[in-house]
Amino acid sequence: MCGTADWEWKDNPDAYQADRSFCQGCYRKDAASDVGEGQSLPAGTSVVLIPTGTPQWQAALDAQEAAYIAEREARRAARQQGDDW
């Protein structure tokens, strides 16, 4: 969605000029969405920007750390059992 309306283009087909611009927020969202070639985020997943230093930010950090620890422990348990992870 570009934010323009059909009538704007009908009134003046040259009303806007396309230009590239860089947005750090968009960049960070795109980078967080990149899960590898040929892969996509799980269904229902979206990437949002959370202001740092807020309770929501701390909760997100806590959740990421908990997920990392759980995965690390699962890998360790699998290695101990001789399973391929």
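As a starting point, this report considers the structure included with it. (Residues numbered from 1 in each chain as written. Predicted model: local features only at pLDDT ≥ 70, side-chain atom pairs only at ≥ 80, totals over all residues. Heavy atoms only, no water.)

1. Re the overall build of the protein
Helix and strand content of the protein: three helices and zero strands. Secondary structure elements of the protein, listed N to C terminal, follow the sequence α-α-α. Relative to the compact-globule value of 12 Å for 85 residues, the protein shows a C-alpha radius of gyration of 21 Å, a clear excess of over 25%. Taking the principal axes of its C-alpha atoms as reference, the protein extends roughly 70 × 35 × 20 Å. Within the span of the protein, comprising 85 residues, buried residues form 5% of the whole. Total accessible area computed for the protein in this model is approximately 7900 Å², and 51% of it derives from carbon and sulfur atoms. Across the protein, the centroid of the 8 positively charged side chains sits 7 Å from that of the 14 negatively charged ones. (Helix = DSSP H or I, 4+ residues; strand = E, 2+ residues; numbered from the N terminus. Rg over C-alpha atoms; globule rule 2.2 N^0.38 Å. Buried < 20%, exposed > 50% of the residue type's maximum accessible area, 1.4 Å probe, protein only. Areas by Shrake-Rupley, 256 points an atom, 1.4 Å probe, with all protein chains shown as cover. Lys, Arg positive; Asp, Glu negative; His and termini not counted. Charge placed at Lys NZ, Arg CZ, Asp CG, Glu CD.)

2. A closer look at a nonpolar patch on the surface
The grouping of Val 48, Ile 50, Trp 57 and Leu 61 at the surface amounts to a nonpolar patch, some 320 Å² of accessible area in total. Residue placement: Leu 61 occurs in helix H3 (residues 55–81). What makes Leu 61 partly exposed here is its relative accessible area of 33%. (Patch = residues over 30% accessible without salt bridge, like charges linked within 9 Å, V, L, I, M, F, W, Y side chains within 5 Å. Salt bridge = Lys/Arg side-chain N within 4 Å of Asp/Glu carboxyl O.)

3. Thoughts on the side chain of Glu 8
Looking at where Glu 8 falls in the secondary structure, it is placed in helix H1 (residues 6–11). Lacking a salt bridge, the buried Glu 8 has Lys 10 as its closest oppositely charged neighbour, with an N-O distance of 12 Å. One polar contact links Glu 8 to Tyr 16, side chain to side chain, over a distance of 2.5 Å. (Polar contact = N/O pair within 3.5 Å; in protein donor to acceptor, adjacent residues only side chain to side chain.)

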